[in-house]
Structures are given as structure tokens and as C-alpha cells.
Amino acid sequence: MKTINALHVIPTFSARDGGPPRALALMSRALGEQNVAVTIVTTDARPFAEDLVKLSRAKFYCFRAHSPRFWRLSPNLWRWLRMNTINFDVIHIHSIFDFPTYMASMEARKAGKPYIIRPLGTLDPWGFKRKRWKKLPYYILVEKFNLRRANAIHVTSVSEAGNVRKLGFQNEVIIPPAIEGYECQRVYRNNFPLRICFISRLHQKKGLSVLFRSLHILRNTGLDVMLDIAGVGDPVYERALHNEVECLALKDKVRFLGWCDEKQKRDLLSASDIFVLPSHSENFGNAAAEAMMAGLPVVVSDGVALATEIVCSGAGLVFHVGDTGALTSCIRQLISVEARQLLGERGRAFVMEKV
């Protein structure tokens, strides 16, 4: 069987980027097991995660990024693409609105190679509205053309596919991200405090403020509850989250754990009682799927793409984005160990069957 050479281009490959780099690493490993030779190209705009590089089992090239670093400008990466794109059978581009992804699209067309673009939720309404003054002109002048010429737009859910179609594209293909299971020894505890966990990149779209407000209400009404937050983000935004916790007098109830490796994530999921993902927008919801696979009952906002399927399958609880009262009610429904066990078992069955 002929070996297929696949090139993956992603602007950064950092732990601070949350799920996309890990999903790519798992995808690369799976492709390698199917006689596909994988090469990953990125920039050093953020320090790359060495454990993900090892997990991917791919050839890996990281090029220096210059100012403006937010665009991941890298002349050396462009030079490499000009010389090497012709040697690959397919180019898979992860993210848009970045220099590496723009150059990868252009070089793929020049070399006559098929290319796929994975927008990572950036075409969803919430994400598109953020910094619209900058994104809209760039989209009209650059990305719209790249997306139209792509052989496929890689989306991860029916919800994301709908958003892509609303923009006039008809070349989307739904491929859910690879999810690696956590074999947790699940014990549904019948004691307090009730331990809630959040595992994701720290970003405004994750909606942590509503979770803090809900925690404040629960504590003031006598429920003993703790929140563990695993993830990192922009340092300025992280400080704002710490300040918000202090203003709500929750410093003794919230722990910021920082970035967690896979063992730490597994241990956290095992020790927690409920997982909450209150995001304004998620094109899939990797962290929620991983929590369900670990048998942990989940509460997600309806901004998470998996929310509709979760509701239909009875695999978790869903609340409207930003609705503090609704989130508080969902958490209260999971006070009893019986309710948590039922939802945890349904969630695990859902992920094993559907994802």
C-alpha cells in the first residue's frame, strides 16, 4: 500500500491553546497507524507542548514567529512551505486568520495540492463577533477566497456545519475530534463539599463568570461546594478571573490549578463530582466529552455544540448561556449521589456510542 504524505499546518502547538493541538496530536497518531506519514508545521509564537509532539508521532517543525506575533508572522515557515508543499499529497490547515494558514492555503493552490481547512469554531457567530472590526475585512479579502477554494472545510459538529453553511459554503465535512478516554476509578461520593471541576483554556468565551456567580449563590444558600479550575490563558485575563473570585468572596472555594498534564487531568476528573462547561461558544466540546468518558456528570451551556445531542440522549444537563439561575438549578439537581451516578453512566454510554 502506498504511503500517503500529509502535512498539517497549525499556527501554534501550545498547552495554552486548549483542545485543538491535542486533537491534532491524536489525529496524527491515528493517521500514522493507517499508513499515513504525518508532518506538523507550526511557529514558536507560544512554546510548543513537547508531550503533544511525542503523542503525535509525527515529524515536527517549529519556526520562529516575528512581530506581529498575534498573526504568527514567520518568513522561515513560508520559505519552508514554498520548498516542501509539493512533496505532500494533502495539506490540512488548522485555524484561520493567521499567517501560517494563509500561506499554507496559497502554497497548496500553487502546488496543485488538495487542502482542507479546519476553522476551529472561528466562524461561529460568537467568535466572529469578537474583534469584528479586524476579522470582517480580513475574512472578505483573504479567508473567504481560501475557504471557497478548499477541497473541504473540516467541522466537528452539526452545529458548526450549520454556521459554515450560513456563510454560503457547501464543502463542509463533519469529523468529530479524536477523544482519548480516561480510565478513572469512578466513585460517586455521598459527602461534601460537592466538588465541581472546569478543564479548558482560560478565555472570555468559556463563560467562567456565570459559574462564579452560581457558586456564590450556592454558598450563600448553605450548599458546601468547591470549584477546581484547570487551564491557562492570557495572564491579564487570568488576573481578572482571580479578582472576580475575590470580589465574590470565593477565594476559599475556588482553586486555580494552572495547566494540568494528562495524569493530573485524570486525577482531577476522578476526584470531582460534577463537570461544568459554561461556554458562550464551542464548536464541539472536547473537555465535556472527556469528562463524560470518565463517568463524570456534566453540565454544559447551550453554546456548546454537543448540547443538543446531550439533551436528546439524556447524557447531561444543559442551561442557556449566561443564565446564572439555570446553571445553579442544574447543579442543585446533582446534589444526590443517585442523580450523579445516573447521569455519569448515561454520559459515558453516550460518548462510547456517539463520539
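So, here's what we can say about the structure. Quick caveat: nothing in here was measured; it's all calculated off a predicted structure.

### Some thoughts on the pairing of strand S3 (residues 59-63)
- Across five bridges, strand S2 (residues 36-43) lies against S3 in parallel orientation. Across the sheet, Thr 42 pairs through a bridge with Cys 62, a residue of S3.
- Read as a crossover between parallel neighbours, the route from S2 over helix H2 (residues 50-56) to S3 is right-handed.

### Let's talk about the nonpolar core
- By size, the foremost hydrophobic cluster in this structure holds 57 residues, and its most contacted members are Phe 212, Leu 227, Phe 275 and Val 299.
- Discounting chain neighbours no more than four positions away, the residues touching Leu 227 are Ile 196, Cys 197, Phe 198, Leu 211, Phe 212, Leu 215, Lys 253, Val 254 and Arg 255.
- One finds Trp 80, Met 103, Ala 104 and Val 164 within the second-largest nonpolar core, a separate group that totals 31 residues.

### Section: the sheet that holds S2
- Strand order in the open sheet formed by seven strands is S3-S2-S1-S4-S5-S6-S7, and the pairing between neighbours is parallel. This sheet does not close on itself; its edge strands, each paired only once, are S3 and strand S7 (172-174). Taking each pair of neighbouring strands and ignoring which way they run, the sheet shows an average axis angle of 25 degrees.
- Relative to strand S6 (residues 152-155), strand S5 (residues 115-118) runs parallel, the two sharing two bridges. Looking at S6, one finds that Ile 117 is bridged to Ile 153.
- Together, strand S1 (4-9), S2, strand S4 (90-94) and S5 form the strand contacts of helix H4 (residues 99-111), whose direction differs from that of S4 by roughly 160 degrees.

### Overview of the packing of helix H8 (residues 208-220) against helix H9 (residues 235-247)
- As a packed pair, H8 and H9 sit with axes 10 Å apart at the nearest point and diverge in direction by 20 degrees. The angle between the axes of H8 and H9 places the two elements in the roughly parallel class. Handedness of the H8/H9 crossing: right-handed. Of the residues in H9, those in contact with Leu 208, Ser 209 and Phe 212 of H8 are Leu 241, Glu 244 and Val 245.
- Partitioned by chemical class, the residues of the contact of H8 with H9 number four nonpolar, one polar and one charged.

### Description of the side chain of Asp 98
- Following the sequence through the fold, Asp 98 ends up in the loop between S4 and H4.
- Judged by relative accessible area, Asp 98 falls into the buried class, the value being 7%.
- A polar side-chain atom of Asp 98 sits 3.0 Å from a polar atom in the side chain of Ser 95.
- Ignoring anything within four residues of it in the chain, the contact list for Asp 98 reads Pro 11, Phe 70, Trp 71, Arg 72, Tyr 138 and Glu 143.

### What about the side chain of Glu 290?
- Checked against the element boundaries, Glu 290 lands in helix H11 (residues 286-293).
- Reaching out from Glu 290, the side chain makes a polar contact with the side chain of Lys 265 at a distance of 3.3 Å.

### Considerations on the packing of aromatic side chains
- In the structure shown here, the tally under the stated rule is 12 aromatic pairs.
- Both rings, one in Phe 63 and one in Trp 80, keep their centres 6.2 Å apart while their planes meet at 50 degrees; by these two values the pair is tilted. Of this pair, Phe 63 sits in strand S3 while Trp 80 sits in helix H3 (residues 75-84); the two residues are 17 residues apart in sequence, bridging distant segments of the chain. Taken individually, Phe 63 and Trp 80 each receive the classification buried, so the pair is uniform in this respect.
- Centre to centre, the rings of Phe 97 and Phe 128 are 6.4 Å apart; their planes meet at 35 degrees, and the pair counts as tilted.

### Quick notes on the pattern of salt bridges
- If you walk through the whole model with that rule in mind, you get 17 salt bridges.
- For the salt bridge of Arg 195 with Asp 228, the shortest nitrogen-to-oxygen distance reads 3.5 Å. Note that Arg 195 is positioned in strand S8 (residues 194-199) and Asp 228 in strand S9 (residues 225-230), a separation of 33 residues in sequence.
- Among the ionic pairs, Glu 290 bridges to Lys 265, the shortest N-O distance being 3.3 Å. Placement of Glu 290 in helix H11 and of Lys 265 in helix H10 (residues 262-271) is noted, with a sequence separation of 25 residues between them.
- Accessibility expressed as a relative area gives 8% for Glu 290, which makes it buried.
- Each of Arg 22, Glu 262, Lys 265 and Glu 290 takes part in salt bridges that share partners, so that together they form one network.

Basis of the calculations
Residues numbered from 1 in each chain as written. Predicted model: local features only at pLDDT ≥ 70, side-chain atom pairs only at ≥ 80, totals over all residues. Heavy atoms only, no water. Pairing = 2+ DSSP bridges. Helix = DSSP H or I, 4+ residues; strand = E, 2+ residues; numbered from the N terminus. Right-handed = clockwise from strand over helix to strand, strands pointing away. Core = buried A, V, L, I, M, F, W, Y, C linked by side-chain atoms within 4.5 Å. Buried < 20%, exposed > 50% of the residue type's maximum accessible area, 1.4 Å probe, protein only. Contact = heavy atoms within 4.5 Å. Axes fitted to C-alpha atoms, helices over the stretch in contact; angles between N-to-C directions. Parallel < 35°, antiparallel > 145°, perpendicular 65-115°, else oblique. Left-handed = near helix turned anticlockwise from the far one by under 90°. Nonpolar A, V, L, I, M, F, W, Y, C, P; charged D, E, K, R; others polar. Polar contact = N/O pair within 3.5 Å; in protein donor to acceptor, adjacent residues only side chain to side chain. Phe/Tyr/Trp six-rings, centres within 6.5 Å; stacked < 30°, edge-to-face > 60°. Salt bridge = Lys/Arg side-chain N within 4 Å of Asp/Glu carboxyl O.

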